[in-house]
Amino acid sequence: HPHPVLNLLDETIDAEVYHLENRSAGDWPDFHRRDQAYDVRLERCGFEEFDMEQEIFDVMIAGGGLAGLTLAAELERKRPGTRVLILEKQEFPVPEAAYKVGESSVEIGSWYLEQLGLREHFQADHLPKYGLRFFFNRPEHRSLDAGVELGLTDHFDTPSYHLDRGRLENYLFTNPGEACLETGARIIDMQLDDSVKTVDYIQNGTQRQARGRWLVDATGKAALLKRRLKLAEKIDHNINAVWFRVDRPIRIDDWSDFKHHATSGPCRQRWLSTIHLMGPGYWVWMIPLAGDATSIGIVSDPSFQDLRQMNTYNRALAWLKENQPLLAEHLPEDADGIMDFAAVKQIARGCSRLFSEQRWAITGEAGLFLDPLYSP
């Protein structure tokens, strides 16, 4: 089950980043302005009608990103009436395009998200994904035609999408269902020992406390519970990753004179696939995003590629000019032309335990992450 905590609820509830620079706040349509979204949230969670210090929630979710917001949506669908509190450190709306990676959804992930009522949002505000496409070329090749290409000519029966994570999480924030979502909440302490869990947090300069029967950690890389309970587990999959976004479309179809894919099936636009440029000890992703932005990342094995050669944009660009010159030709010459940049050493993470009969659980990237090849 995507959220194992649900199996236990029915039984018990009633009884490291090197460099990150964000250069664009993104635009959000007027009808999703933060003040309107905030008013809707207050009305739905009844914030003005109860005392936070006295309320005991059924489930407290630390983290209001994709994992936390979808868990809240699933709880509402599977267990109506469950009182859910989400504590999120960010304020909304978050930036579009240059926010989070994990933008290329796999089919089973898309199916799950559609079960939460997101199909219309995906079709209206995100791009369709035409599977995976791999290119095996040498740096000296001046055209994709000189190498080997592996990809689809027809669609899968189950659709998938290229997701603008900021746009998706803004949408989930403005459609929280019955959950109460507190933003700007920086968690400073958790108490797990008692039958009623407590979370202390700072909001608007004031220390507050929330109480609940279940506590779920969905804090992503912060991994508050995993750190608190010393559950981190080493994974024998040593990879590094670098990524950035540019505010322009990059269409791989223009890199080739070979028109076979334009006439051989429904998947005629190769750029709508998740592009993988393959090389010794690395692969480069290219993901198109709605709004004409493009996400680019380098995933590498440190025994083949040195992260220090790509841990700034200028170094990454020089590395791409040497290893993937066709892509480098379409990129800005300096960091002022990109939307953000991040480099992470040893991106794979494990966790020895994800939920407990003591009514705590860990979901999403707060617990496990293997490889960018496996997206939401």
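In what follows, the structure referred to is the one given above.
Residues numbered from 1 in each chain as written. Predicted model: local features only at pLDDT ≥ 70, side-chain atom pairs only at ≥ 80, totals over all residues. Heavy atoms only, no water.

Draft legend 1. Local environment of the packing of aromatic side chains. Under the counting rule described, the total for this entry stands at six aromatic pairs. Between Phe244 and Tyr313 the ring centres are 5.2 Å apart and the planes differ by 85°, which places this aromatic pair in the edge-to-face class. In this pair, Phe244 sits in strand β13 (residues 240-246) while Tyr313 sits in helix α8 (residues 313-323), placing the two residues 69 residues apart along the sequence. A ring pair is formed by Tyr282 and Trp319, whose centres lie 4.7 Å apart and whose planes are at 80°; its orientation type is edge-to-face. Residue Tyr282 is located in strand β15 (residues 282-289), and its partner Trp319 is located in helix α8; the two are separated by 37 residues in the primary sequence. Judged by its relative accessible area of 6%, Tyr282 falls in the buried class. Sitting above the plane of the Trp271 ring, Arg251 keeps its charged end 3.7 Å from the centroid. (Phe/Tyr/Trp six-rings, centres within 6.5 Å; stacked < 30°, edge-to-face > 60°. Helix = DSSP H or I, 4+ residues; strand = E, 2+ residues; numbered from the N terminus. Buried < 20%, exposed > 50% of the residue type's maximum accessible area, 1.4 Å probe, protein only. Lys NZ or Arg CZ within 6 Å of the ring centre and 35° of its normal.)

Draft legend 2. View of the packing of helix α3 (residues 66-78) against helix α6 (residues 165-174). Interhelical geometry of α3 versus α6 gives an angle of 35° and a closest axis separation of 10 Å. At the point where α3 passes α6, the crossing takes the left-handed sense. Touching Leu66, Leu69 and Thr70 of α3 are Arg165, Leu168, Glu169, Leu172 and Phe173, all from α6. Grouping the amino acids of the contact of α3 with α6 by side-chain chemistry returns five nonpolar, one polar and two charged. (Axes fitted to C-alpha atoms, helices over the stretch in contact; angles between N-to-C directions. Left-handed = near helix turned anticlockwise from the far one by under 90°. Contact = heavy atoms within 4.5 Å. Nonpolar A, V, L, I, M, F, W, Y, C, P; charged D, E, K, R; others polar.)

Draft legend 3. Spotlight on the nonpolar core. If you look at the biggest cluster of nonpolar residues, it comprises 36 residues, and the most contacted ones within it are Phe244, Trp255, Leu277, Val284, Leu320, Leu327 and Leu331. For this core, the elements supplying multiple residues, two or more each, are β13, β14 (274-279), β15, β16 (293-300), α8, α9 (325-328) and β17 (340-344). The leading source of residues in this core is α8, at five residues. Excluding residues that lie within four positions of it along the chain, Leu277 makes contacts with Phe135, Ile252, Trp255, Tyr282, Trp283, Val284, Met286, Gln324 and Leu327. Of all hydrophobic cores here, the second largest spans 28 residues; its members include Leu66, Phe122, Leu168 and Leu181. (Core = buried A, V, L, I, M, F, W, Y, C linked by side-chain atoms within 4.5 Å.)

Draft legend 4. Layout of the environment of Asp371. Here Asp371 shows up in the segment after β20 (360-362). When the C-alpha positions of Asp371 and His237 are compared, they lie 8.5 Å apart, and in sequence the two are 134 residues distant. Ignoring anything within four residues of it in the chain, the contact list for Asp371 reads His237, Ile239, Trp283 and Val299. Engagement of the side chain of Asp371 in a polar contact is seen with the backbone nitrogen of Leu373, the distance being 2.8 Å. (Polar contact = N/O pair within 3.5 Å; in protein donor to acceptor, adjacent residues only side chain to side chain.)

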